[in-house]
Amino acid sequence: MSSRKFFVGGNWKMNGDKKSLGDLITTLNTASLNDETEVVCGAPTVYLDFARSNLDARMGVAAQNCYKVAKGAFTGEISPVMIKDCGVEWVILGHSERRHVFGESDELIGQKVAHALESGLGVIACIGEKLEEREAGTTEEVVYAQTQAIAVVVVDNVKDWSKVVLAYEPVWAIGTGKTASPEQAQEVHEKLREWMRVNVSEAVADSVRIIYGGSVTGANCKELGSQNDVDGFLVGGASLKPEFVDIINARA
Ligand code: PGA
């Protein structure tokens, strides 16, 4: 097993209210959590402050999106400085729902990643192929291009990979109950790490955490998490349930 710290992110998406999220936070705060695992919960924008104020400090909080500049006339957007002002340390960028429901391009995602990192946030950067791309045999091409758009801004602008977590989330596995098999996940993660080795550096390839997302549950997390290049998870649906605790403790 590698020395990379296991990372489990919850992505609450546009779900919950103060009552249900408050109950979930109480469950997490009182649970016995493996302290070898870094835990970050992605809250809806309006609940960032609420989540950060109520969630135990041993867990991080993430925004689910942000814009590429610090302030200005961008109605409806939020910036990394505002996220930080709420005491929140992370942001999820490039999620497939941002890419495919809201039409965000690789270029825009790259700009957002650069600005978020420059502002001092950690970034959970998401990539992943659609079903038709997998079936057409273009998975590698797609995830390499998406990774390249992120890597180039880190290499050129920020040069600090310690605050980047790469989330491989095959679109066909997100919210569908069709999890990638441990072998499928490991295969792509290993290739992504190799891509990093060739295109970034040995040190970054060895240290960057590559996490898997797509229908992770309490039932499948142990096997997925035992793969050599799977350094954690980004969890949607199951992060809203008490079983998130089992996922956090997948390697316990
Ligand atoms: P899911 O979502 O766990 O509900 O498949 C994962 C994600 O979108 O990050």
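Above this note sits the structure.
The model shown is predicted, which means the values in this text are computed figures rather than measured ones. (Residues numbered from 1 in each chain as written. Predicted model: local features only at pLDDT ≥ 70, side-chain atom pairs only at ≥ 80, totals over all residues. Heavy atoms only, no water.)

1. A few points about the overall build of the chain
Helix and strand counts for the chain stand at eleven helices and eight strands. Counting only contacts in the chain whose residues sit at least 6 apart along the sequence, the fraction spanning at least 24 positions is 73%. For the chain, the computed accessible surface area is about 11000 Å², with 51% contributed by carbon and sulfur atoms. Seen as two clouds, the 25 positive and the 35 negative side-chain charges of the chain have centres 4 Å apart. (Helix = DSSP H or I, 4+ residues; strand = E, 2+ residues; numbered from the N terminus. Contact = heavy atoms within 4.5 Å. Areas by Shrake-Rupley, 256 points an atom, 1.4 Å probe, with all protein chains shown as cover. Lys, Arg positive; Asp, Glu negative; His and termini not counted. Charge placed at Lys NZ, Arg CZ, Asp CG, Glu CD.)

2. Here we look at helix H8 (residues 182–199)
Relative to the 26 Å expected for 18 residues at 1.5 Å per residue, H8 spans 25 Å between its end C-alpha atoms, a close match to the ideal helical length. Those residues of H8 that sit buried are Pro182, Ala185, Gln186, Val188, His189, Leu192, Arg193, Trp195 and Met196. (Expected span 1.5 Å × (residues − 1). Buried < 20%, exposed > 50% of the residue type's maximum accessible area, 1.4 Å probe, protein only.)

3. Considering the environment of Gly22
Inspection of the secondary structure puts Gly22 in helix H1 (residues 18–30). The spatial distance from the C-alpha of Gly22 to the C-alpha of Phe50 is 8.6 Å, given a sequence separation of 28 residues.

4. Observations concerning the packing of helix H7 (residues 139–158) against H8
Interhelical geometry of H7 versus H8 gives an angle of 45° and a closest axis separation of 11 Å. Considering their axes alone, H7 and H8 lie oblique with respect to each other. Considering how the two elements wind past one another, H7 and H8 form a crossing that is right-handed. In this structure, H7 uses Thr139, Glu140, Val143, Tyr144, Thr147, Gln148 and Ala151 to contact H8, whose residues at the interface are Val188, Lys191, Leu192, Trp195 and Met196. Here the residues of the contact of H7 with H8 are counted per class, giving seven nonpolar, three polar and two charged. (Axes fitted to C-alpha atoms, helices over the stretch in contact; angles between N-to-C directions. Parallel < 35°, antiparallel > 145°, perpendicular 65-115°, else oblique. Left-handed = near helix turned anticlockwise from the far one by under 90°. Nonpolar A, V, L, I, M, F, W, Y, C, P; charged D, E, K, R; others polar.)

5. Some points on the state of the cysteines
One pass over the structure, following the stated rule, counts zero disulfides. A disulfide-free cysteine, Cys86 has its sulfur positioned 13 Å from the sulfur of Cys66, the nearest such atom. Owing to a relative accessible area of 24%, Cys86 belongs among the partly exposed residues under this scheme. Considering cysteine sulfurs only, Cys41 is the nearest to Cys221, which forms no disulfide, with 15 Å between them. (Disulfide = S-S within 2.5 Å.)

6. Side note on the site of the ligand
Close to the ligand lie 13 residues, the nearest being Lys13, His95, Glu169, Gly175 and Ser215. A distance of 2.6 Å is found between an oxygen atom of the ligand and a side-chain nitrogen or oxygen belonging to His95. Backbone polar atom of Gly236 to an oxygen atom of the ligand: 2.8 Å apart, as the coordinates give it. Surface burial for the ligand is 95%, taken as the share of its 280 Å² of free accessible area covered by protein chains. At a threshold of 2 Å from the grid points, most atoms of the ligand map onto the second largest pocket. Here the residues of the shell around the ligand are counted per class, giving four nonpolar, seven polar and two charged. (Near = heavy atom within 4 Å. Polar contact = N/O pair within 3.5 Å; in protein donor to acceptor, adjacent residues only side chain to side chain. 1 Å grid on protein atoms, 1.4 Å probe; cavity = no way out; pocket = protein on both sides within 12 Å on 5 of 7 lines; lining within 4 Å. Sits in = over half its atoms within 2 Å of the grid points.)

7. Digging into the pairing of strand S1 (residues 6–11)
Among the six residues that make up S1, six are buried, leaving the element largely enclosed by the rest of the structure. Side chains of S1 alternate between two faces, with Phe6, Val8 and Gly10 and Phe7, Gly9 and Asn11 buried alike. Where S1 and strand S2 (residues 37–42) come together, six bridges link them in parallel fashion. Note on S2: the bridge partner recorded for Gly10 is Cys41. Note that the unit made of S1, H1 and S2 has a crossover that is right-handed. (Pairing = 2+ DSSP bridges. Right-handed = clockwise from strand over helix to strand, strands pointing away.)

8. Quick look at the packing of aromatic side chains
If you walk through the whole model with that rule in mind, you get six aromatic pairs. For the pair Phe6 and Phe233, a centre-to-centre distance of 5.6 Å together with 90° between the ring planes defines the contact as edge-to-face. Taken together, the positions of Phe6 in strand S1 and Phe233 in strand S8 (residues 232–235) put the pair 227 residues apart, joining distant regions of the chain. The exposure classification of Phe6 matches that of Phe233, with both residues buried. (Phe/Tyr/Trp six-rings, centres within 6.5 Å; stacked < 30°, edge-to-face > 60°.)

9. Some thoughts on the pattern of salt bridges
Taken as a whole and judged by the stated rule, the model has 18 salt bridges. Its salt-bridge partner being Glu129, residue Arg134 comes within 2.7 Å of it at the nearest N-O pair. Among the ionic contacts, a cluster of salt bridges with common partners joins Arg4, Arg193, Asp229 and Asp231. (Salt bridge = Lys/Arg side-chain N within 4 Å of Asp/Glu carboxyl O.)

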